[in-house]
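If you want the building blocks of each chain, they are given just below.
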Amino acid sequence: MSDAVARLGEVSDAIAAAEAKAGRKAGSVTLVAVSKTHDADAIRPLILAGHHVFGENRVQEAQGKWPALKSRFAGLELRLIGPLQSNKAAAAVALFDVIETVDRDKIAREIAKEMNKQGRTTRLYVQVNTGIEPQKAGIEPREAVAFVTRCRDIHGLEIVGLMCIPPFDENPGPHFALLEKLAREAGVKELSMGMSDDYETAIAFGATSVRVGSANFGARG
Ligand SMILES: *Cc1c(COP(=O)(O)O)cnc(C)c1O
């Protein structure tokens, strides 16, 4: 068994424990294995062990390894968790099953255009910059609910949830609580929040998916 498979098992167990502790149903949290910087040889053992949900943060890097994996293994779900430029919207819609980083009208418009053109439906999350950090992608919290509505009414896109990456030097709890509140106000169900260091906290605050990289794969190469 590869180290990564063993670690993925440990993270899955910790998720199950956090679900139970929070009084949530077993299996209500999806583990997104973040495979950025890891090549197909490192990813394959996880797929063979039965894991099928993966996250990548760069379209171009994902294009280099996932088309072959997707044609070899049925039932994989690939999620884009990094910022999306509009010139990559076509490639992103073609490759990803979920895009978690919709954060402005321009990209919403491009995604809608590409989904129509390609006849593909990609599940969509809006990324919220809960810490209002200038260097970070995501829509500001006070604009988030109106943006979800615009995605639906103007761009014709169904948004299923919200995603956030709290400031790395802050207690993440208040950020997770804010995301949960905004999702309720926007009327969306899915909450993508929590990474290697804080996924158990995120589950306590209602995360429906956690994005875990280094705790699965070890330090990034
Ligand atoms: C890399 C990354 C993760 C995973 O981070 P770890 O700390 O390695 O678990 C989660 N979310 C996003 C958006 C990332 O870019």
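Scroll up to find the structure.
So, a few notes on the structure that sits alongside this text. Quick caveat, the model's predicted, so the values are computed rather than measured.

## Focus: the nonpolar core
Reasoning step 1: Residues Trp66, Ile99, Val102 and Ile111 are the most contacted members of the largest nonpolar core, which totals 63 residues.
Reasoning step 2: With 7 residues, the single largest contributor to this core is helix α1 (residues 3–21).
Reasoning step 3: Setting aside anything within four residues of it in sequence, one finds Trp66 in contact with Ser35, Ile43, Ile47, Phe54, Glu56, Leu76, Leu78 and Leu95.
Reasoning step 4: Membership of the second largest hydrophobic core comes to 6 residues, among which are Val34, Ile81, Val160 and Met163.

## Re the pairing of strand β2 (residues 53–56)
Reasoning step 1: Going residue by residue along β2, you find Val53 and Gly55 tucked away on one face and Phe54 and Glu56 tucked away on the opposite face as well.
Reasoning step 2: In the sheet, strand β1 (residues 30–34) pairs with β2 via 2 bridges, with the strands oriented parallel. Paired with Val34 across the bridge in β2 is Gly55.
Reasoning step 3: Between the parallel elements β1 and β2, the chain passes through helix α2 (residues 40–48) in a crossover that is right-handed.
Reasoning step 4: Bridge analysis of β2 against strand β3 (residues 77–80) gives 4 bridges, and the strand direction is parallel. The residue bridging Phe54 from the neighbouring strand is Leu78, located in β3.
Reasoning step 5: For the segment spanning β2, helix α3 (residues 59–72) and β3, crossover handedness is right-handed.

## Examining unusual backbone geometry
The bulk of non-glycine residues show a negative phi, and the bulk of peptide bonds are trans.
Reasoning step 1: Residue Thr37 is not a glycine yet carries a positive backbone phi of 70°.
Reasoning step 2: By the secondary structure assignment, Thr37 is in the loop between β1 and α2.
Reasoning step 3: You can call Thr37 partly exposed: its relative accessible area is 40%.
Reasoning step 4: A positive phi angle, close to 45°, is found at Ile132, a residue other than glycine.
Reasoning step 5: Looking at the secondary structure, you find Ile132 in the loop between β5 (123–127) and α6 (141–153).

## Observations regarding the packing of α2 against α3
Reasoning step 1: Axis separation between α2 and α3 bottoms out at 11 Å; the angle between their running directions is 35°. Relative to α3, the crossing made by α2 is right-handed. Seen from α2, the contacting residues are Ala40, Ile43, Arg44 and Ile47; seen from α3, they are Lys65, Trp66 and Leu69.

Rules used in this analysis
Residues numbered from 1 in each chain as written. Predicted model: local features only at pLDDT ≥ 70, side-chain atom pairs only at ≥ 80, totals over all residues. Heavy atoms only, no water. Core = buried A, V, L, I, M, F, W, Y, C linked by side-chain atoms within 4.5 Å. Buried < 20%, exposed > 50% of the residue type's maximum accessible area, 1.4 Å probe, protein only. Helix = DSSP H or I, 4+ residues; strand = E, 2+ residues; numbered from the N terminus. Contact = heavy atoms within 4.5 Å. Pairing = 2+ DSSP bridges. Right-handed = clockwise from strand over helix to strand, strands pointing away. Axes fitted to C-alpha atoms, helices over the stretch in contact; angles between N-to-C directions. Left-handed = near helix turned anticlockwise from the far one by under 90°.

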